[in-house]
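Now for the letters of each chain:
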Amino acid sequence: MKNIVVLVSGGGTNLQALIDAEKSGIIKGGRITCVISSNPSAYALERAKNNDIPTRVIPRREYSDSVSYSKAVLAALNEEKADLVVLAGFMTILDECVTNEYAYKIINVHPALIPSFCGEGYYGLKVHEAALAYGVKVSGATIHFVNEKADAGAIILQGVVDVQNGDTPEILQKRIMENVEWKLLPKAVSLFCQDRIEITDGRAYIK
Ligand code: GAR
């Protein structure tokens, strides 16, 4: 069984999707062993506690820069013996001290079709605001490995939804979460835990 450590910052609906998937047997070969939050008041922490999952809080605001913060996260991941790290609405970019040591072992969910509307500054509702401002007719979410560049690691899975007339960022976010994120994130985690993701020339393929 692989140890899955989930990093969160907010509401934690993606964490909830992972918890539900583990309970219903969708995640094979792994279990969530710890939830780490960058935000002491994240509701995601309640979701973990309600399901008897150990939690840790490493507050981002207590660290002056990304490197010192990432070192603290790295120490926690090592202590937890993480086999897989899932960024589920984690709003802090991790330094390469973490991404190098956990190369191809960190999975992120990004709420757009990478390489559109991604990179530094694109997170949460800002992503959907940008997609609507551009006028794209489809959007979606991307599950990808995390490397030293924001939202630039190998893509594992992507899913698409239509953008509809009159969509607000909130409406589009909800459609993408319900139809793509909450389904594909648990699926990618399960594939990883069964060693079914292969890397060739920096790209990810499902076996
Ligand atoms: C999700 O839409 C996730 O894709 C996005 O934030 C939301 C978190 O929701 N993540 C990012 O923008 C990361 N760059 P949740 O806390 O309810 O899972």
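Everything numeric in this text was worked out from a predicted model, so none of it was measured.

What counts and what doesn't
Residues numbered from 1 in each chain as written. Predicted model: local features only at pLDDT ≥ 70, side-chain atom pairs only at ≥ 80, totals over all residues. Heavy atoms only, no water. Helix = DSSP H or I, 4+ residues; strand = E, 2+ residues; numbered from the N terminus. Contact = heavy atoms within 4.5 Å. Buried < 20%, exposed > 50% of the residue type's maximum accessible area, 1.4 Å probe, protein only. Axes fitted to C-alpha atoms, helices over the stretch in contact; angles between N-to-C directions. Parallel < 35°, antiparallel > 145°, perpendicular 65-115°, else oblique. Phe/Tyr/Trp six-rings, centres within 6.5 Å; stacked < 30°, edge-to-face > 60°.

### With respect to the environment of Leu94
So, point 1. Tracing the chain through its elements places Leu94 in the loop between strand E4 (84-87) and helix H4 (96-101).
So, point 2. Put simply, Leu94 and Glu148 are 54 residues apart on the chain and 7.7 Å apart in space, counted from C-alpha to C-alpha.
So, point 3. Discounting chain neighbours no more than four positions away, the residues touching Leu94 are Leu7, Ser70, Val73, Leu87 and Thr99.

### Quick look at unusual backbone geometry
Excluding glycine, residues mostly carry a negative phi; peptide bonds, for their part, are mostly trans.
So, point 1. With an omega dihedral of 20°, the bond running from Ile114 to Pro115 counts as a cis peptide bond.
So, point 2. Tracing the backbone through its elements, the reader meets Pro115 in the loop between strand E5 (106-110) and helix H5 (125-134).
So, point 3. Backbone geometry at Tyr104 places phi at a positive 60°, although glycine is not the residue there.
So, point 4. Located in the positive-phi region is Phe117, a residue other than glycine, with phi close to 50°.
So, point 5. Mapped onto the elements of the fold, Phe117 is located in the loop between E5 and H5.
So, point 6. By relative accessible area, which is 16% here, Phe117 ends up buried.

### Focus: the packing of H5 against helix H6 (residues 169-193)
The packing of two helices is summarised by the inter-axis angle and the distance between the axes.
So, point 1. Direction vectors running N to C along H5 and H6 enclose 110°, while the axes themselves pass 9 Å from each other. The orientation of H5 relative to H6 falls into the category roughly perpendicular. The segment H5 lies against H6, with Leu125, His128, Glu129 and Leu132 engaging Pro169, Glu170, Leu172, Gln173 and Ile176.

### Concerning the packing of aromatic side chains
So, point 1. All chains considered together, the criterion is met by 4 aromatic pairs.
So, point 2. On the numbers, 5.3 Å between centres and 75° between planes, the contact of Tyr63 with Tyr69 is edge-to-face.
So, point 3. You can call Tyr69 buried: its relative accessible area is 0%.
So, point 4. Three or more aromatic residues joined by ring pairs make a cluster, and in this case those are Tyr104, Phe145 and Phe192.

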